[in-house]
Amino acid sequence: MTQRALAFLDAQAASSQPFLLNVDYFAPHDHGNLPSVAPRHVGHFASEPLPTPPNFNEADVSDKPPHVRWNLLTSSNIAGITTENRIRWERLLAVDEGIQNMVNKLSTMGKLANTVIIFISDNGHFAGHHRISSGKLSYYEESIRVPFMMRGPGIPANTIRSQLVSNIDLAPTILDLADTPASWATDGKSLLPLIQDASTPWRTAVFVDGFVRVDS
């Protein structure tokens, strides 16, 4: 995917027309019958300890809904989570390299200063939080809060906005950057006003969709 993205950028080098490049890496998901980790990164995090925040293997889940009142994780469960976490981090190293290569390419082309880069993930993942060994379907911060970063012209550096934003805001933001009105009703809204002024009136809730396990 990185090579295809770089080839696309090369094709834009001599053009003065704006372009949109959308790169959706499959990592850190398991690739099935494909190599799970780039060979050059295998074992990079082999000794990295598993993060264990206060809600890891939570001692008391009596205040939780029935579908997350799991049994305490065993030492075997925790060993498996640790191994999978290390592999997941190793899978992401190739993504880091790919992003760096694209940034370097834009810089070499002389287009980096005029390019907005948006970085976002689709979902988080449990790794023992609230006794949940893996997955993404329960409504806790670990699964619904993801990185969302932007850089480029007009975007102040080293600035954080604490308001609730969502992937539904991507399309309106990109259209706003392109100075192009939407030809349809959008669920989200452009982030540019919020980026430019932290006091911009904003939403106080976001809709989270999914399902929960119900034992019969």
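Just above sits the structure.
The rules behind each value
Once a new chain begins, its residue numbering starts again from 1 and follows that chain's sequence as written. Under the rules for a predicted model, residues below a pLDDT of 70 receive no local features and side-chain atom pairs below 80 are neither given nor counted, while totals for whole chains, interfaces and linings still include all residues. Side-chain measures here rest on the full set of heavy atoms in the structure, leaving out hydrogens and waters. With axes taken as lines fitted to C-alpha atoms, and helix axes fitted only over the stretch in contact, angles between N-to-C directions fall between 0 and 180 degrees. Helix and strand assignments follow DSSP, with helices taken as H or I runs no shorter than four residues and strands as E runs no shorter than two, numbered in order from the N terminus. Relative orientations are named as follows: roughly parallel for angles under 35 degrees, roughly antiparallel for angles over 145 degrees, roughly perpendicular for angles from 65 to 115 degrees, and oblique for any other angle. In this analysis, two residues are considered to be in contact whenever any of their non-hydrogen atoms come within 4.5 Å of each other. Lys, Arg, Asp and Glu make up the charged group, whereas Ala, Val, Leu, Ile, Met, Phe, Trp, Tyr, Cys and Pro make up the nonpolar group; the residues left over, Gly among them, are polar. Any residue under 20% of the maximum accessible area for its type is buried, any over 50% is exposed, and the rest in between are partly exposed; the area is computed with a 1.4 Å probe on protein chains only. Directions from the helix axis toward the C-beta atoms define the arc. The salt bridge definition used is simple: a Lys or Arg side-chain nitrogen within 4 Å of an Asp or Glu carboxyl oxygen.

Student: Would you take a moment to explain the packing of helix α1 (residues 2–12) against helix α2 (residues 75–109) for this structure?
Tutor: Close contact between α1 and α2 brings their axes to 10 Å; oriented N to C, the two are set at 10 degrees. By the angle between their directions, the pair α1 and α2 is classed as roughly parallel. In this structure, α1 contributes Thr 2, Ala 5, Leu 6, Leu 9, Asp 10 and Gln 12 to the contact, and α2 contributes Gly 98, Asn 101, Met 102, Lys 105, Leu 106 and Met 109. A breakdown of the residues in the contact of α1 with α2 according to their chemical character gives six nonpolar, four polar and two charged.

Student: Sorry if this is basic, but what is going on with unusual backbone geometry here?
Tutor: Most peptide bonds adopt trans geometry, and most residues besides glycine take a negative phi value. With an omega of 15 degrees, the peptide bond between Ala 27 and Pro 28 qualifies as cis. Even without being a glycine, His 130 presents a positive backbone phi close to 55 degrees. Looking at the secondary structure, you find His 130 in the loop between β1 (117–120) and α3 (141–144). If you check the backbone angles, Arg 131 has positive phi at about 70 degrees while not being a glycine. Mapping Arg 131 onto the fold places it in the loop between β1 and α3.

Student: Can you help me understand α1 in this one?
Tutor: All of the buried residues in α1 are Thr 2, Ala 5, Leu 6, Leu 9 and Gln 12. All buried residues of α1 fall inside an arc of 115 degrees around its axis, so they share one side. Away from its buried face, by an angle of more than 90 degrees, α1 presents the exposed residues Gln 3, Arg 4 and Ala 11.

Student: Just checking my understanding: could you explain the environment of Phe 8 for this structure?
Tutor: Assignment of secondary structure puts Phe 8 in helix α1. When the C-alpha positions of Phe 8 and Asn 55 are compared, they lie 44 Å apart, and in sequence the two are 47 residues distant. Look past the residues within four positions of Phe 8 in its chain and what remains in contact with it is Phe 19, Leu 20 and Leu 21.

Student: What is the right way to look at the environment of Gln 3 in this model?
Tutor: On the secondary structure map, Gln 3 appears in helix α1. Sequence separation between Gln 3 and Leu 73 is 70 residues; the distance between their C-alpha atoms is 41 Å.

Student: Help me understand the pattern of salt bridges, please; the structure alone is not making it clear to me.
Tutor: A pair can form between side chains of opposite charge whenever their charged atoms are brought close. For the coordinates displayed, the defined rule picks out eight salt bridges. Glu 58 serves as the salt-bridge partner of Lys 64, at 2.8 Å between the closest nitrogen and oxygen. Owing to a relative accessible area of 10%, Lys 64 belongs among the buried residues under this scheme. Given the relative accessible area of 14%, Glu 58 is considered buried. For Glu 84, the salt bridge is made with Arg 88, and the minimal N-O distance between the two is 3.7 Å. Within this pair, Glu 84 and its partner Arg 88 are both found in helix α2, separated by four residues, close to a single helical turn. Among the residues examined, Glu 84 registers a relative accessible area of 29% and is labelled partly exposed. Overall, Arg 88 belongs to the buried group, its relative accessible area being 13%.

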